[in-house]
Amino acid sequence: MTIMPIVVTGATGQLGRLTVEALLRRGIPAADIIATGRDIARIKDMADGGITVRRADFADTDGLAEAFAGADRLLLISASVPVSERVANHRRVIDAAASAGVSLVAYTSTTHADTATSVIGATHGETEAYLRDRGIPSVLLRNGWYLENYTSQLPQILQNGAVVGAAGEGRISAASRADYAEAAAVVLTTEGHTGAVYELGGDESFTLSELAAAISAATRKQITYADLPVTDFAQVLAAAGLPAELAEVLADADRGMNRGEMYTDSGDLRRLIGRPPVTLAEALSAAALH
């Protein structure tokens, strides 16, 4: 199979960088990868390694057209801008991809985006609908929650002696960024994915109570789970320094988790990457050692 250049948007972010690294491991020549982002100084090392680096601001229509010129396949990593701007930004990227004549757009969505009630889920659902309406060959990578969303909080969790959230006993099928990136690289470099909808998540789901127990086991410190009303959890996040809008969005995501919106038993991630995804216990063990 001959693949012309593959564009990775958001290559300046963690998932984007990991996807570029996964493409290289899969044998895609550096010259056939176009890494894009708003602040390309952050990916100077990619340019030094022979990867084409182009500036792409999702709000800049003309710039997107230039960034995607000559591309064959494109990975649209969902924007991390304020939620209110996400769909408009995604639409500009999709329009630019269509104008560039790409043969496939892979979009990092979220689990059950077509039925999700969360604010985050709704933006993904709208983006998926726009992709369908434009008629561009596409594949939906419905990524679940990141294990890193929890392992990155270990210092605070250990300091407070508690996991705090609003997810009740909702089950969460989280996986590592690296595993989601590997799945994206597989889809971008192999055939047979056009039109597919992959519900991606870890093989072993967990509740936040089970997360607290797993942290206790990994660190030998007693950790409990404090389940709060959504509004109270948003206030806790804001008090911790998050912007008010982001605090509300994240608390609302926990509400979605309570409804099962971050749970999947599809096995799609394992099948795509050809091995079991990293487990919660493995991720906590690695994080606790640092």
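From a predicted model like this one, the values you see are computed outputs, not experimental measurements. (Residues numbered from 1 in each chain as written. Predicted model: local features only at pLDDT ≥ 70, side-chain atom pairs only at ≥ 80, totals over all residues. Heavy atoms only, no water.)

*Asks:* Teacher, can you tell me more about the overall build of the protein chain here?
*Replies:* Per the secondary structure count, the protein chain includes 13 helices and 9 strands. In terms of overall dimensions, the protein chain is globule-like: its C-alpha atoms have a radius of gyration of 19 Å, near the 19 Å expected for 290 residues. Judged by the C-alpha coordinates and their principal axes, the protein chain covers about 55 × 35 × 35 Å. Residue burial in the protein chain is summarised as follows: out of 290 residues, 53% are buried. Considering only intrachain contacts with a sequence separation of at least 6, the fraction spanning at least 24 residues in the protein chain is 77%. If you sum the accessible surface of the protein chain, you get close to 12,700 Å²; carbon and sulfur atoms cover 51% of it. (Helix = DSSP H or I, 4+ residues; strand = E, 2+ residues; numbered from the N terminus. Rg over C-alpha atoms; globule rule 2.2 N^0.38 Å. Buried < 20%, exposed > 50% of the residue type's maximum accessible area, 1.4 Å probe, protein only. Contact = heavy atoms within 4.5 Å. Areas by Shrake-Rupley, 256 points an atom, 1.4 Å probe, with all protein chains shown as cover.)

*Asks:* Just to check I follow, could you spell out the pattern of salt bridges for this structure?
*Replies:* Counting across every chain of the model gives 16 salt bridges. Residue D179 is joined to R275 by a salt bridge in which the shortest nitrogen-to-oxygen separation is 2.7 Å. With D179 in helix α8 (residues 177–189) and R275 in the loop between α12 (268–273) and α13 (280–288), this pair connects stretches of sequence that are 96 residues apart. In this structure D179 comes out as buried when scored by relative accessible area, which is 2%. Each of D114, E128, R142 and E199 takes part in salt bridges that share partners, so that together they form one network. (Salt bridge = Lys/Arg side-chain N within 4 Å of Asp/Glu carboxyl O.)

*Asks:* Help me understand helix α5 (residues 119–134) in this model?
*Replies:* At 3.6 residues per turn, the α-helix brings residues three or four places apart onto the same side. Between the first and last C-alpha of α5 there are 23 Å, a value that for 16 residues agrees with the 22 Å anticipated at 1.5 Å per step. For α5, the complete set of buried residues consists of I120, G121, T123, H124, G125, T127, E128, Y130 and L131. Those residues of α5 that are buried lie in contact with α4 (83–100), β5 (104–110), β6 (138–143) and α11 (244–258). Phi turns positive, to about 70°, at G135, one or two residues after α5. (Expected span 1.5 Å × (residues − 1).)

*Asks:* Which parts of the structure should I look at to understand the nonpolar core?
*Replies:* Generally speaking, nonpolar side chains in soluble globular proteins are found buried as a group. Formed by 36 residues in total, the largest nonpolar core has its most connected members in V20, L23, L75, L141, Y198 and L200. Each residue touching L23, except ones within four places of it in the same chain, is listed here: I6, V8, I28, I33, A185, L188 and T189. Ranked by size, the runner-up nonpolar core spans 25 residues in total, among them W145, F206, I215 and A253. (Core = buried A, V, L, I, M, F, W, Y, C linked by side-chain atoms within 4.5 Å.)

*Asks:* What is the right way to look at the sheet that holds β6 in this model?
*Replies:* Strand pairing within a sheet occurs via backbone hydrogen bonds; the two strands may be parallel or antiparallel. Across the sheet, which stays open at both edges, the 7 strands sit in the order β3-β2-β1-β4-β5-β6-β8 with parallel pairing between neighbours. Edge strands, defined here as strands with exactly one partner in the open sheet, are β3 (52–55) and β8 (197–200). Within this sheet the neighbouring strands show an average axis-to-axis angle of 20°, counted without direction. Note: strand β4 (residues 73–77) against β5, 5 bridges, orientation parallel. Counterpart to I77 in the pairing with β5 is T108. Helix-sheet contacts for helix α1 (residues 14–25) involve β1 (6–8), β2 (33–37), β4, β5 and β6, and the interaxial angle to β1 is about 155°. The strands touched by α4 are β4 and β5; relative to β4, the strand with the most contacts, the crossing angle is about 180°. (Pairing = 2+ DSSP bridges. Axes fitted to C-alpha atoms, helices over the stretch in contact; angles between N-to-C directions.)

*Asks:* Could you clarify how one ought to interpret the environment of D232 in this entry?
*Replies:* Here D232 shows up in helix α10 (residues 230–239). According to the relative accessible area criterion, D232 is partly exposed, its value standing at 32%. Taking the C-alpha atoms as reference, D232 lies 9.3 Å from G165; in sequence the two are 67 residues apart.

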